[in-house]
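Below are the chains, spelled out letter by letter.
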Amino acid sequence: MNTYAGFRSVTDILVGWDQANEKEVVSTQEHFVRGIKLTLDGSSNYPAAASELATIAGVSDVKVWTPTGMKAETDAANA
């Protein structure tokens, strides 16, 4: 993998759909939307299930993308 020094991450206000309340949700703060942070022996950091970001993005510490589909962060498929 190539890495380049000097580039920055991109943040933005997010707009999503709250399925439970059937309404549009606009984030109250900017969130990370594009970039990458490389760390040796790092681990994933997912938003809490009750957070604004999890409501908008649909991904949280209890519902993350894994090779076998959406699973809990602690599921063995997420190793």
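Residues numbered from 1 in each chain as written. Predicted model: local features only at pLDDT ≥ 70, side-chain atom pairs only at ≥ 80, totals over all residues. Heavy atoms only, no water.

### Details of the environment of valine 25
- Its location among the elements puts valine 25 in strand β3 (residues 23-26).
- When its relative accessible area of 15% is taken as the criterion, valine 25 is described as buried. (Helix = DSSP H or I, 4+ residues; strand = E, 2+ residues; numbered from the N terminus. Buried < 20%, exposed > 50% of the residue type's maximum accessible area, 1.4 Å probe, protein only.)

### Side note on the side chain of histidine 31
- Considering the arrangement of structural elements, one finds histidine 31 in strand β4 (residues 31-34).
- In this structure histidine 31 comes out as buried when scored by relative accessible area, which is 10%.
- Polar contacts involving the side chain of histidine 31 include one to the side chain of glutamate 52, which spans 3.1 Å.
- Sequence-distant contacts of histidine 31, that is, excluding residues within four places in its chain, are made with Val10, Thr11, Asp12, Leu14, Glu52 and Leu53. (Polar contact = N/O pair within 3.5 Å; in protein donor to acceptor, adjacent residues only side chain to side chain. Contact = heavy atoms within 4.5 Å.)

### A look at the environment of glycine 16
- Looking at the element boundaries, glycine 16 is found in strand β2 (residues 15-18).
- For glycine 16 and isoleucine 56, which are 40 residues apart along the polypeptide, the C-alpha to C-alpha distance reads 4.5 Å.
- Excluding residues that lie within four positions of it along the chain, glycine 16 makes contacts with Lys23, Glu24, Val25 and Ile56.

### Quick look at a nonpolar patch on the surface
- Residues Ile13, Val15 and Val26 make up a contiguous nonpolar surface patch of roughly 250 Å² in combined accessible area.
- When its relative accessible area of 46% is taken as the criterion, valine 26 is described as partly exposed. (Patch = residues over 30% accessible without salt bridge, like charges linked within 9 Å, V, L, I, M, F, W, Y side chains within 5 Å. Areas by Shrake-Rupley, 256 points an atom, 1.4 Å probe, with all protein chains shown as cover. Salt bridge = Lys/Arg side-chain N within 4 Å of Asp/Glu carboxyl O.)

### Describing the pairing of β3
- Where β2 lies against β3, 4 bridges are found, and the strand directions are antiparallel. Note that in β3 the partner of aspartate 18 across the bridge is lysine 23.
- Between β2 and β3, which pair antiparallel and follow one another directly, the connecting turn spans 4 residues, one of which, glutamate 22, has a positive phi of 50°. (Pairing = 2+ DSSP bridges.)

### Observations concerning the side chain of aspartate 18
- For aspartate 18, the location among the structural elements is in strand β2.
- Comment: no salt bridge for buried aspartate 18; closest opposite-charge side chain is lysine 23, at 5.8 Å.
- Among the polar contacts made by the side chain of aspartate 18, one reaches the side chain of asparagine 21 at a distance of 2.7 Å.
- Residues contacting aspartate 18, with those up to four places away along its chain left out, are Lys23, Val25 and Thr55. (Lys, Arg positive; Asp, Glu negative; His and termini not counted.)

### Quick notes on the confidence of the model for the protein chain
- The predicted model of the protein chain has a mean per-residue pLDDT of 77, with 80% of residues at 70 or higher.
- No element of the protein chain has a lower mean pLDDT than strand β5 (residues 64-66), at 71, and none a higher one than β3, at 88. (pLDDT = per-residue confidence, 0-100.)

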